[in-house]
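A look at the structure
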Amino acid sequence: MTGRFAPTPTSELHLGNVRTALIAWLMARREGGRFLLRIEDLDTQRMAGSSQIAARQEADLAWLGLTWDGEVMLQSRRANAYAAALESLQGRAYECFCTRRDIAEAAVAPHGDGYRPYPGTCRELSAAQRAERRGSRPAALRIKAAGVVQTVNDLWAGDVTAVVDDFVLVRNDGTPAYNLAVVVDDLAQGVDQVVRGDDLLSSAPRQAWLTRQLGGEVPRYAHVPLAVNPSGRRLAKREGDVTLAQLRDRGWAPEQVVALLAHSLELARGRDRVRPADLLEEFAPTQVPRSPWVVDPDVVLGTGPRQA
Ligand code: GLU
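Presented here is an overview of the structure given in this document. (Residues numbered from 1 in each chain as written. Predicted model: local features only at pLDDT ≥ 70, side-chain atom pairs only at ≥ 80, totals over all residues. Heavy atoms only, no water.)

1. Re the overall build of the protein chain
Stated formally: Only runs of H or I of at least four residues qualify as helices and only runs of E of at least two qualify as strands under DSSP, and these elements are numbered from the N terminus. The reference for a compact globule is 2.2 Å times residues^0.38; the radius of gyration itself is calculated from the C-alpha atoms. Residues count as neighbours in contact if any of their non-hydrogen atoms are within 4.5 Å of one another. Where accessible areas are quoted, they stem from the Shrake-Rupley method and a 1.4 Å probe; at the residue level, only the protein chains shown are allowed to cover. Only four residue types enter the charge count: Lys and Arg as positive, Asp and Glu as negative, with His and the chain ends excluded. All charge positions are set by atom: Lys at NZ, Arg at CZ, Asp at CG, Glu at CD.
Helix and strand counts for the protein chain come out as 10 helices and 12 strands. Against the globule reference of 19 Å for 308 residues, the protein chain gives a C-alpha radius of gyration of 21 Å, in line with a compact fold. Contacts in the protein chain between residues far apart in sequence, at least 24 positions, make up 75% of those at least 6 positions apart. Of the accessible surface of the protein chain, which amounts to about 14,500 Å², a share of 48% is contributed by carbon and sulfur atoms. Here the protein chain carries 38 positive and 38 negative side-chain charges, and the mean point of each set is 2 Å from the other.

2. A closer look at the packing of helix 6 (residues 178-188) against helix 7 (residues 204-213)
To keep things clear, this is the line we draw: Lines fitted to C-alpha atoms define the axes here, with helix axes fitted over just the stretch in contact, and angles between the N-to-C directions of these axes take values from 0 to 180 degrees. For classification, angles of less than 35 degrees are called roughly parallel, those exceeding 145 degrees roughly antiparallel, those between 65 and 115 degrees roughly perpendicular, and all remaining angles oblique. Left-handed describes a crossing whose near helix is turned anticlockwise from the far helix by less than a right angle; the clockwise case is right-handed. Here the term charged refers only to Asp, Glu, Lys and Arg, the term nonpolar to Ala, Val, Leu, Ile, Met, Phe, Trp, Tyr, Cys and Pro, and the term polar to all other amino acids, Gly among them.
At a closest axis distance of 10 Å, the pairing of helix 6 and helix 7 adopts a crossing angle of 55°. With respect to helix 7, the element helix 6 is oriented oblique. You can see that helix 6 and helix 7 cross each other, and the crossing is right-handed. Facing Y178, N179, L180, V182, V183 and L187 of helix 6, the residues of helix 7 in contact are R206, Q207, L210 and T211. A breakdown of the residues in the contact of helix 6 with helix 7 according to their chemical character gives 6 nonpolar, 3 polar and 1 charged.

3. Focus on the site of the ligand
The criterion, for reference: In these notes, residues near a molecule or strand are those with any non-hydrogen atom within 4 Å of it. Any pair of N or O atoms that falls within 3.5 Å is considered a polar contact. Within protein, one atom must be able to donate a hydrogen and the other to accept it, and sequence-neighbouring residues count only if both atoms are side-chain atoms.
Within the structure, the ligand sits among R4, A6, P7, T8, E40, Y178, V182, R196 and L200. Measuring from an oxygen atom of the ligand, one finds a side-chain N or O atom of R4 at 2.5 Å. Relative to its unbound accessible area of 300 Å², the ligand is 78% covered by the protein chains. Grouping the amino acids of the shell around the ligand by side-chain chemistry returns 5 nonpolar, 1 polar and 3 charged.

4. Details of the nonpolar core
This is how the line gets drawn: In these notes, a set of buried Ala, Val, Leu, Ile, Met, Phe, Trp, Tyr and Cys residues joined through side-chain atoms within 4.5 Å is what counts as a nonpolar core. Residue exposure (1.4 Å probe, protein chains only): buried if accessible area is under 20% of the type maximum, exposed if over 50%, otherwise partly exposed.
In this structure, L15, I23, L247, V257, L279 and V300 are the most contacted members of the largest nonpolar core, which totals 44 residues. Here this core takes 10 residues from helix 1 (residues 15-29), the largest share from any one element. Apart from the residues within four sequence positions on either side, I23 is in contact with W156, V195, V224, L265, F283 and V288. The next biggest cluster of nonpolar side chains, apart from the first, holds 17 residues, and it includes L42, Y82, F167 and L169.

5. Things to note about helix 9 (residues 254-264)
Within helix 9, 9 of the 11 residues are buried, which leaves the element mostly enclosed by the surrounding structure. All of the buried residues along helix 9 are P254, Q256, V257, V258, A259, L260, L261, A262 and S264. Positive backbone phi, at 60°, marks E266, one or two positions downstream of helix 9.

6. What to know about the packing of helix 3 (residues 79-88) against helix 6
The interhelical angle for the contact between helix 3 and helix 6, taken along N-to-C directions, is 100°, at an axis separation of 10 Å. Between helix 3 and helix 6, the angle falls in the class roughly perpendicular. From helix 3, A81, Y82, A85 and L86 reach across to helix 6, where they touch L180, A181, V184 and D185. Classifying every residue of the contact of helix 3 with helix 6 by side-chain character gives 7 nonpolar, no polar and 1 charged.

7. Concerning the sheet that holds strand 5 (residues 140-143)
As a reminder, the rule being used: Any two strands are treated as partners once DSSP identifies two or more bridges connecting them.
The strand order across the open sheet built from 3 strands is 4-5-8, with neighbouring strands paired in antiparallel fashion. Among the strands making up the open sheet, the edge pair consists of strand 4 (93-96) and strand 8 (168-170). The average angle at which neighbouring strand axes cross in this sheet is 45°, direction not considered. Inspection of the sheet shows strand 5 paired to strand 8 by 2 bridges, in the antiparallel sense.

8. With respect to the environment of R77
Its location among the elements puts R77 in the loop between strand 3 (73-74) and helix 3. Placed 32 residues apart in sequence, R77 and A109 show a C-alpha to C-alpha distance of 36 Å.

9. Here's the deal with the pairing of strand 4
A one-sided burial pattern is seen for strand 4, the buried positions being Y94 and C96 and the unburied ones A93 and E95. Taken together, the 4 bridges between strand 4 and strand 5 define a ladder with antiparallel strand orientation. Paired with C96 across the bridge in strand 5 is A140.

10. Description of the packing of aromatic side chains
Formally: Here a pair means two rings of Phe, Tyr or Trp (six-membered ring of Trp) with centres within 6.5 Å. Their orientation is stacked below 30 degrees between planes, edge-to-face above 60, and tilted elsewhere. Think of it as a cone above the ring: NZ of Lys or CZ of Arg counts as a charge over the ring if it is within 6 Å of the ring centre and within 35 degrees of the ring normal.
Within the structure shown, the criterion is met by 1 aromatic pair. When the ring of F167 is compared with that of W209, the centres are 6.3 Å apart and the planes differ by 80°; the resulting orientation is edge-to-face. Here W209 lies in helix 7 and F167 lies in the loop between strand 7 (158-164) and strand 8, a separation of 42 residues in the sequence. Assessed through its relative accessible area of 1%, F167 is described here as buried. The cationic tip of R206 hangs over the ring face of Y115; the distance from NZ or CZ to the ring centre is 4.0 Å.

If you want it as structure tokens, here you go:
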């Protein structure tokens, strides 16, 4: 069994991120499985500071005791693997010249998560039409899925069925798209259990389908309800939500942070300091609450470290 945690290095890890990491770690380690770390820096490699953020994310996880096996995988070093996958999908992908606006204006209703299924505008372009469009705009590359229906089973959400649209494999700036990279990397790393935030639940049918197209086995999925602030907004670093660095600066010990996370999972009751490994025996996947974890930054930062 192999699980993983795959942060994007856009900001420091906040409490919601590390809670998801702890759950992914427990889910893998309780079965004696491997746990891998992958930095999803495809989009961010050109952004100032992303490698320092990635280094801090690694340091935060290590500080908490969320140990991983082997080398950290960096998506920015995986261009050859993505190219090889694209090669094997050849003939099933096509160039797309649509702008966001073109897609928004085509009459397809957005999904609940705001994602607009691609209406297939460029699927049937002739060679001459493609040649003409290349002159005015760089093309993205889309996979021909053409409305296949895919169901995935999520450990907590149950069956999720969605129509798979012709989603993007390579963006028009040449960057491999998230859905391609995540599937190629999970296959390459032998990941068979994907535990991550439930903001990605709606991506799972697309990814499961692509996994099959690349000849792989669909992993088990378990999407963790996100952490929210008291007004119900998802935690986000840029909104000033609690980061690990802030807690550390205020004198919290890693065992105290893990205890806070454990209490949100109804684990380690009555204990104010625990290490991840201490939770292995008590943890059961059924214990993970099905509703978001409400974090009040004022309460967490105001109380400071709890005394053991
Ligand atoms: N990199 C994604 C994120 O930070 C997670 C991708 C995944 O776990 O599949 O939200």
